[in-house]
Amino acid sequence: MLKNYGKIAGITIILSLFLLILGVKYVLGQDLVVQNFIAFAVISVLVGTITGALLFYKLKFAYYIFTAGLLIGFIELFRSFISGMDGWGDLIGILSLFIFTAFGLVIGLIIEAILYFIRKNK
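As a starting point, this report considers the structure included with it.

Thresholds applied
- Residue numbers here run from 1 along each chain, matching the order of that chain's written sequence.
- Only residues with pLDDT of at least 70 get local features here, since the model is predicted, and only at 80 or more are side-chain atom pairs given and counted; chain-wide, interface and lining totals rely on the full set of residues.
- Where side-chain values are given, they derive from all heavy atoms of the structure, hydrogens and water being excluded.
- Numbering of helices and strands runs from the N terminus, with a helix taken as a DSSP run of H or I at least four residues long and a strand as a DSSP run of E at least two residues long.
- Exposure classes here rest on a 1.4 Å probe applied to the protein chains alone. A residue is buried below 20% of its type maximum, exposed above 50%, and partly exposed in between.
- Whether two residues touch is decided by their heavy atoms; if any such pair falls within 4.5 Å, the residues are in contact.
- The accessible surface values rely on the Shrake-Rupley method and a 1.4 Å probe; as for residues, cover is taken only from the protein chains in view.
- Within this scheme the basic residues Lys and Arg register as positive and the acidic residues Asp and Glu register as negative, but His and the chain ends are omitted.
- The location of each charge is read from NZ of Lys, CZ of Arg, CG of Asp or CD of Glu.
- Only the six-membered ring of Trp is used, alongside the rings of Phe and Tyr, when aromatic pairs are assigned; centres must lie within 6.5 Å, and planes under 30 degrees apart are stacked while those over 60 apart are edge-to-face, with the rest tilted.
- Note on geometry: axes are C-alpha line fits, over the in-contact stretch for helices, and angles between N-to-C directions span 0 to 180 degrees.
- Here the word oblique covers every angle except those under 35 degrees (roughly parallel), over 145 (roughly antiparallel) and from 65 to 115 (roughly perpendicular).
- Should the near helix be turned anticlockwise from the far one by less than a right angle, the crossing is termed left-handed; should it be turned clockwise, right-handed.
- Given a helix with a known number of residues, its expected span is that number minus one, times 1.5 Å.
- A side-chain nitrogen of Lys or Arg and a carboxyl oxygen of Asp or Glu constitute a salt bridge if their distance falls within 4 Å.

Focus on the overall build of the protein
Next, step 1: For the protein, the count of helices and strands is 4 helices and 0 strands.
Next, step 2: Taken from N to C terminus, the helices and strands of the protein fall in the order α-α-α-α.
Next, step 3: Once the C-alpha set of the protein is aligned to its principal axes, its extents read approximately 55 × 30 × 20 Å.
Next, step 4: Expressed as a percentage of the 122 residues in the protein, the buried residues total 30%.
Next, step 5: Within the protein, contacts between residues at least 6 apart in sequence are counted, and of these 64% link residues at least 24 apart.
Next, step 6: With an accessible surface of roughly 7800 Å², the protein has 74% of that area assigned to carbon and sulfur atoms.
Next, step 7: For the protein, the separation between the mean place of its 9 positive charges and that of its 5 negative charges on side chains is 26 Å.

Brief notes about the packing of aromatic side chains
Next, step 1: Here the structure, examined in full by the defined rule, presents 4 aromatic pairs.
Next, step 2: Centroid distance Tyr116 to Phe117: 5.4 Å. Interplanar angle 70°. Geometry classified as edge-to-face.
Next, step 3: Assessed through its relative accessible area of 48%, Tyr116 is described here as partly exposed.
Next, step 4: Judged by relative accessible area, which is 48%, Phe117 ranks as partly exposed.
Next, step 5: Within the aromatic cluster, the residues linked to one another by ring pairs are Tyr5, Phe56 and Tyr57.

Comments concerning the packing of helix H1 (residues 5-27) against helix H2 (residues 34-56)
Next, step 1: Two numbers describe how H1 lies on H2: the axes approach to 8 Å, and their chain directions differ by 150°. By the criterion of interaxial angle, the relationship of H1 to H2 is roughly antiparallel. The two elements H1 and H2 meet at a crossing, and its hand is right-handed. Here Tyr5, Ile8, Ala9, Thr12, Ile13, Ser16, Leu17, Leu20, Ile21 and Val24 of H1 lie close against H2, whose contacting residues are Phe37, Phe40, Ala41, Ile43, Ser44, Val45, Val47, Gly48, Thr51, Gly52, Leu55 and Phe56.

Here we look at helix H4 (residues 89-120)
Next, step 1: Under the 1.5 Å per step criterion, the end-to-end length of H4 is 46 Å for 32 residues, consistent within 8% with the ideal 46 Å.
Next, step 2: When H4 is considered as a whole, its buried residues turn out to be Gly89, Gly93, Ser96, Leu97, Thr101, Gly104, Gly108 and Glu112.
Next, step 3: Here the buried face of H4 lies against H1 and helix H3 (60-83).

Concerning the pattern of salt bridges
Next, step 1: Per the counting criterion, the structure on display carries 2 salt bridges.
Next, step 2: Two residues, Asp31 and Lys25, come together in a salt bridge whose shortest N-O distance is 4.0 Å.
Next, step 3: Asp31 sits in the exposed class, given a relative accessible area of 64%.
Next, step 4: The partner of Arg79 in a salt bridge is Glu76, and the shortest N-O contact between them spans 2.5 Å. Of this pair, Arg79 and Glu76 both sit in helix H3, 3 residues apart, which is roughly one turn of the helix.
Next, step 5: Among the residues examined, Arg79 registers a relative accessible area of 41% and is labelled partly exposed.

Description of the side chain of Thr101
Next, step 1: Position of Thr101 among the secondary structure elements: in helix H4.
Next, step 2: Residues in contact with Thr101, not counting those within four places in the same chain, are Phe66, Gly69 and Leu70.

Structure (structure tokens):
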């Protein structure tokens, strides 16, 4: 799996772009303009690049925790879009995606740092 970091990064880019478009266009019911596609593409490339970098540097635990945070973020995004929350569902959904993804990355990197220092002191 670690040798296929480019493929996994590409799949992550395509999947996250698809999920963002699906969520905003069909679940939220908003019309998409060019700026939306550009923003979604930037977010997807960023997430895919992080995924590829984690695998390239063999940070397996950080990759799994980051991916779990991304998955939880998308679940929360769709939940917020569906529940509505009196017009705040779209903003809360996007923010929750960013927050859970960022938490997954930070927690994964902290765990990798702890494991690095444990291995180094043995």
